[in-house]
Amino acid sequence: MAVSLTVNNRAIQLDVDPETPLLWVLRDHLNLVGTKFGCGGGFCGACTVHLDGVATRSCSTPIGKAAGRRITTIEGLSANGDHPAQRAWEELDVPQCGYCQAGQIMSCAALLARTPNPRDEEIVAAMNGNICRCGTYVRIKDAVKRAAAMTSPANVMRSE
Amino acid sequence: MRSRRDVLRDAKSGIVEDPLGSGSGTATTPSRRSFIAVSLAATGGLVVAMRTELLGAQTQMAAPAGPVGFPVHYIQIDPDDRILIWSAQPEMGEGTRTSLPMLIAEELDADWTRVRIDDAPLDQRYGGQGVGGSDAIRSDWDDLRRVGATARALLINAAASQWNVPAAECETTLHVVRHQASAREARYGTLAARAATLTVPRDVPLKDPARFRLIGTRVNGSDNHKVVTGQPLFGIDVRLPNMKFAAIAKCPVFNGRPIKIDATRASRIPGVRDIVEIKGLDNPTFLMPGVAVVADSTWAALKGRDALIVQWDEGPYATESNATLTEQFQKLLAAPPSTLHNSGRVDDALAAAAVTVDNTYSFPFVSHATLEPHNCTADYRADTGEIWVRGPIQMPMSAQSIVARATGLAANKVHVHCTRIGGGFGRRLMSDYAAEAAVVAKAIGGAVMIVDTREGDLQHDYYRPAAMQRLRAGLGPDGTIIAWDHIITSCSRNVYRKDPRGEHSTETYGSYVGVVQRLDQLDADLQPTRIPNARLRYGAPLTGVATGAWRAPAHVVNAFTIETTIDELAAKAKRSPVDLRLTLLGTTADVPKGLNDQSPYDPERMRRVLLEAVERGGFGKPAPSGRARGLAMHHTFGSYCAHVVEVSVASLRLRSGQAGENGQKRVTIHKVVSVGDVGQPVNLSMLEAQMQGGIIDGIGAAFYGEVPIANGRATSRNFGDYRMIRMREAPLAIEAHFIPSRLRPTGFGEPPLPPIAPAVANAIAVLTGERIRVMPFLRAGYTLS
């Protein structure tokens, strides 16, 4: 089936079984391997992308349902790898093995887009679906706060 | 006597154990000899290389690709001042690609911001590639510093000859050689070409640790930017022209094999190209039998596998279950077949003891559940008969041997490259996935990635062995432990991998072969130098379940038994659990030194770690209302760790429709205060990360980790039923402290794990009066809130 979608602001047309999960289209057809396969069942969040700006598990999203929609992957989150979440993750040295971190960052970015100054409970609620097998949760939580501080209006005013 | 570390060393050197071995095991532990050489880089810079020879090892390695005797690169210093360091060891999250290059950069006095790191390929001349047993830093501590120091000496010599001043009068600061008296200085890049023409100085002295400026600081991961921008780093990200993807069906029952394959439906799935039967090797840790479905995409391969109809010979273990294993464990506990240690008069001492405990513990199979699932890529070229294997490979040298064995190719036709690894935790000490990829690649005559689903990954793991233990212990009238009678029964990893070195040797205290004469010879878990009457017995059941090493393998379960029992003894006797531990520890002089052990166990270091954790964690002082503190300590892999945890427990009352079990106790871990002693800390950011991660992993596995066995198969499906700890359940705060030290460094990937579960259980016991003696804690009615 011919499917049209927009991935990282690029219009894409491809012929693929509509049941194919978005994850495998990204990885195998479009060679965007930053989005990771972790469980295939929406349990771990390693495959998190933004679908029309909403954090979505690409492993359990058939490509047919993504047709015509705007998809952002870790590769397209920022032009130069400098989204506040990416900067905070680097600055606080969050990654251990690093395999889950693209998904973590995508969940964080979606959270900050709608809640620029999340409370602790909001951070946990937004990030709890992302498993980190290495257990970097302490630094992830700190990095979400750091990223929020980088983007909050108060911070921008101070820096001006 | 061979230790676990010897086994790892052999795995690194490509020595694969002979499953039908004579009983003498493998060749003797190799010793190393290395030479440093220099050359001019194509950029006009300096290349510093080292060749390391393994002596006495029967390696099955490829012949060197370059000119004979040409050493492998470690450092390149370019005229523009950039420095490239090749890291020869795989990275799986423990920070080797940062901390090992730091050793070179420190001695070189390099400006870290101008250092780039690149991966070295598998090459025998690196002198042993592969990491495990928390040994990366401790193995490479000497050689890598020597490479850096020699490069620095060359740059000084280059400057001295250029300025016509004595080298001894020159110093280095960051990236600069300086001659104070003549007020001259030169940047490294400008000296590189001249340095490449000089004779390599020998026996260059290493830095006085007091002058370290990089070692002992916080340095961020060298690949962080690539990780956070989603660049292809991992095994599963490998892409080759015209590569195929394959999913392998394996018999759901352990040790089964395919007898009839009907691929009619599978072949009709669009994109499916080939069906390849994998015969398996005589040792299931090398290669399990199965049927691979090869397709144009991962999704087509997975759908093709689902459509396969395979008739399996399920083998002799098809009725095995948790219940049959428990029955075997109980029989073994009642009559343990081997006595590994027996000193004093244990039965008499127990009978005479003033306070006794008699505890039975049970432990489940636990999966590694690396977040990057089982995968590997291989590319076979029929014209040259060579194969390239790229993947999340932790043990490239044994991967090469196993691939050679599985494909029938000569080892020098097998080229292995390690990608970044999306989590190891012991799973990737095996190289079965490399063999799978290679066999399929050879069969199709091209490039293929084998990949498994989470379900397949959980059901065909090499699990941490299930175990039951009984520990009886008693205190004398003076409040010291006078009797210790420990029985360990567990599924033996050595039996599973057909290793002749003794069924108990990976499961009991430390690692040793044969009957030890004194418990104080054992290298881990308990050094009861002050227990006069002690006995250790062991038994292994017959089982088909696949087993392997899981982060701090048997130490996790043994420490749980030991540290909760000591705590309980202290509580029963109304003694401080700190004091009771101190009476057990003894002194440095109590522990005989192994000849080759550069970081021997020292009870006085354990004592300091314990006391510092007690002090910093406020153990023994009143906890906030409704909370209690628990304590445990442990020594493994040459490092020391103690945790003080602060917990509260609430009873779960469910509203209708809410998931969970009524009456389940919900544990909140408010705070963990931890102290580690790793000798000289190398990278404090990574040490802190390992402390945090080890604690969280240890807590998650203790509360939830269980792979149930039914009808001879693992029944875990996915992360819905095989629960992993999440952010909400992780401790609210973790404080990590490291003892300042100049002693030879040891690793910390595993040491934080063993003491965390007992520390939590000991705290829970204070609040509820209930002693948890089963993992997962979920089975005792406890969950994390």
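Residues numbered from 1 in each chain as written. Chains lettered and ligands numbered in written order. Predicted model: local features only at pLDDT ≥ 70, side-chain atom pairs only at ≥ 80, totals over all residues. Heavy atoms only, no water.

Once that is clear, we can look at the overall build of chain A. Along chain A, the regular secondary structure elements total seven helices and five strands. When the helices and strands of chain A are placed in sequence order, the string is β-β-α-β-β-α-β-α-α-α-α-α. For chain A, the C-alpha radius of gyration of 16 Å lies close to 15 Å, the compact-globule estimate for 160 residues. Overall, chain A is about 50 × 35 × 25 Å in size when its C-alpha atoms are taken along their principal axes. (Helix = DSSP H or I, 4+ residues; strand = E, 2+ residues; numbered from the N terminus. Rg over C-alpha atoms; globule rule 2.2 N^0.38 Å.)

Looking only at helices and strands, one finds 18 helices and 29 strands in chain B. Scored against the burial criterion, the 785 residues of chain B give a buried share of 64%. Within chain B, contacts between residues at least 6 apart in sequence are counted, and of these 77% link residues at least 24 apart. Carbon and sulfur atoms make up 50% of the accessible area of chain B, which totals about 27700 Å². (Buried < 20%, exposed > 50% of the residue type's maximum accessible area, 1.4 Å probe, protein only. Contact = heavy atoms within 4.5 Å. Areas by Shrake-Rupley, 256 points an atom, 1.4 Å probe, with all protein chains shown as cover.)

Where interface size is quoted, it is often the accessible area lost as the parts come together. The partner chain B presents 58 residues to the 53 residues of chain A that form the contact. By the criterion of area lost to chain B, the three top residues of chain A are Gln96(A), Arg133(A) and Tyr137(A), representing 17% of everything that side buries. There are seven salt bridges connecting chain A and chain B. A salt bridge links Arg728(B) to Glu121(A), with the nearest nitrogen and oxygen atoms 3.0 Å apart. Put simply, the parts of the chain that give the side of chain A that touches chain B at least two residues each are helix 1 (22-29), helix 3 (84-91), helix 4 (101-114), helix 5 (120-127) and helix 6 (137-151) of chain A. Residues of the side of chain A that touches chain B, tallied by class, amount to 24 nonpolar, 16 polar and 13 charged. (Buried area = accessible area lost by both parts, 1.4 Å probe. Salt bridge = Lys/Arg side-chain N within 4 Å of Asp/Glu carboxyl O. Nonpolar A, V, L, I, M, F, W, Y, C, P; charged D, E, K, R; others polar.)

This next bit is on the pairing of strand 4 (residues 83-87) of chain B. Residue and element names in this part refer to chain B. Most of strand 4 sits inside the fold, with five of its five residues counted as buried. With three bridges connecting them, strand 3 (residues 72-77) and strand 4 associate as antiparallel partners. Note that in strand 4 the partner of Ile 77 across the bridge is Ile 83. A loop of five residues connects strand 3 with strand 4, the two strands running antiparallel in sequence, and Asp 81 in this loop sits at a positive phi of about 85°. In this structure, strand 4 lies alongside strand 5 (residues 115-119), joined through five bridges in parallel fashion. Bridge assignment links Trp 86 to a residue of strand 5, and that residue is Asp 118. Read as a crossover between parallel neighbours, the route from strand 4 over helix 2 (residues 96-108) to strand 5 is right-handed. (Pairing = 2+ DSSP bridges. Right-handed = clockwise from strand over helix to strand, strands pointing away.)

In this structure, Trp89(A), Phe703(B) and Phe777(B) are the most contacted members of the largest nonpolar core, which totals 139 residues. In this view, Phe703(B) contacts Val667(B), Val760(B), Ile764(B), Pro776(B), Phe777(B), Leu778(B), Tyr782(B), Thr783(B) and Leu784(B); residues no more than four positions away in its chain are not counted. Counting 57 residues, the second-largest nonpolar core is a separate cluster that includes Ile75(B), Tyr126(B), Leu155(B) and Ile421(B). (Core = buried A, V, L, I, M, F, W, Y, C linked by side-chain atoms within 4.5 Å.)

All names here are of chain A. The five strands lie next to each other as 2-1-5-3-4, forming an open sheet whose pairing is mixed. Each end of this open sheet is capped by a strand with a single partner; those strands are strand 2 (10-15) and strand 4 (54-57). Sheet twist, expressed as the mean angle between neighbouring strand axes with direction ignored, is 40°. Pairing of strand 3 (residues 48-51) with strand 5 (residues 70-72) involves two bridges; the strand directions are antiparallel. Residue pairing in the sheet places His 50 in a bridge with Thr 72 of strand 5. Strand contacts of helix 1: strand 1 (2-7), strand 2, strand 3 and strand 5, with the helix running at about 105° to strand 3, the strand carrying the most contacts. With respect to the sheet, helix 4 is in contact with strand 3, strand 4 and strand 5, its orientation differing from that of strand 3 by roughly 35°. (Axes fitted to C-alpha atoms, helices over the stretch in contact; angles between N-to-C directions.)

Looking now at the pattern of salt bridges. Residues and elements named next belong to chain B. Enumeration over the complete set of coordinates arrives at 58 salt bridges over all chains. As a salt-bridge pair, Arg 178 and Glu 185 come within 2.7 Å of each other at their nearest N and O atoms. In the salt-bridge network here, residues are joined through shared partners; they are Arg 97, Asp 119, Asp 223, Lys 226 and Arg 420.

What follows concerns the pairing of strand 12 (residues 290-295) of chain B. Side-chain positions along a regular strand alternate between the two faces of the sheet. All names here are of chain B. In terms of residue burial, strand 12 counts as a mostly covered element, since six of its six residues are buried. Covered by surrounding structure in strand 12 are Gly 290, Ala 292 and Val 294 together with Val 291, Val 293 and Ala 295, the residues of both alternating faces. As judged from the five bridges shared by strand 9 (residues 244-249) and strand 12, these two strands associate in the antiparallel manner. By the bridge assignment for strand 12, Ala 246 is matched with Val 294. By the bridge criterion, six bridges tie strand 11 (residues 272-278) to strand 12 in an arrangement that is antiparallel. In the strand pairing of strand 12, Ile 278 is matched with Gly 290.

The next thing to look at is the environment of Ala181(B). Of note, Ala181(B) is situated in the loop between strand 7 (176-179) and strand 8 (184-187). For the pair Ala181(B) and Glu169(B), spaced 12 residues apart in the sequence, the C-alpha separation amounts to 8.1 Å.

The next thing to look at is helix 7 (residues 298-307) of chain B. Most of helix 7 of chain B sits inside the fold, with seven of its 10 residues counted as buried. Among the residues of helix 7 of chain B, Thr298(B), Ala300(B), Ala301(B), Leu302(B), Gly304(B), Arg305(B) and Ala307(B) are the ones counted as buried.

All names here are of chain A. Of the positions making up helix 5, those classed as buried are Ile 123, Val 124 and Met 127. One side of helix 5 carries all its buried residues, which in axial view fall inside an arc of 95°. Of the surrounding elements, those touching the buried residues of helix 5 are helix 3, helix 4 and helix 6. (Arc of directions from axis to C-beta.)

Residue and element names in this part refer to chain B. Applying the stated criterion across every chain, the model contains 14 aromatic pairs over all chains. Taking the centre distance of 6.2 Å and the plane angle of 65° together, the rings of Phe 365 and Tyr 463 count as edge-to-face. Of the two residues, Phe 365 sits in the loop between strand 15 (355-363) and strand 16 (375-381) while Tyr 463 sits in the loop between helix 12 (454-459) and strand 20 (467-475), which places them 98 residues apart along the sequence. Like Phe 365, the residue Tyr 463 is buried in the burial classification. When the centroid spacing of 5.7 Å and the interplanar angle of 40° are considered together, the rings of Phe 560 and Phe 777 count as tilted. On the criterion of sequence distance, the pair formed by Phe 560 in helix 14 (residues 553-572) and Phe 777 in the loop between helix 18 (753-768) and strand 29 (782-784) is long-range, its members being 217 residues apart. (Phe/Tyr/Trp six-rings, centres within 6.5 Å; stacked < 30°, edge-to-face > 60°.)

Any functional reading would require information beyond the geometric quantities listed.
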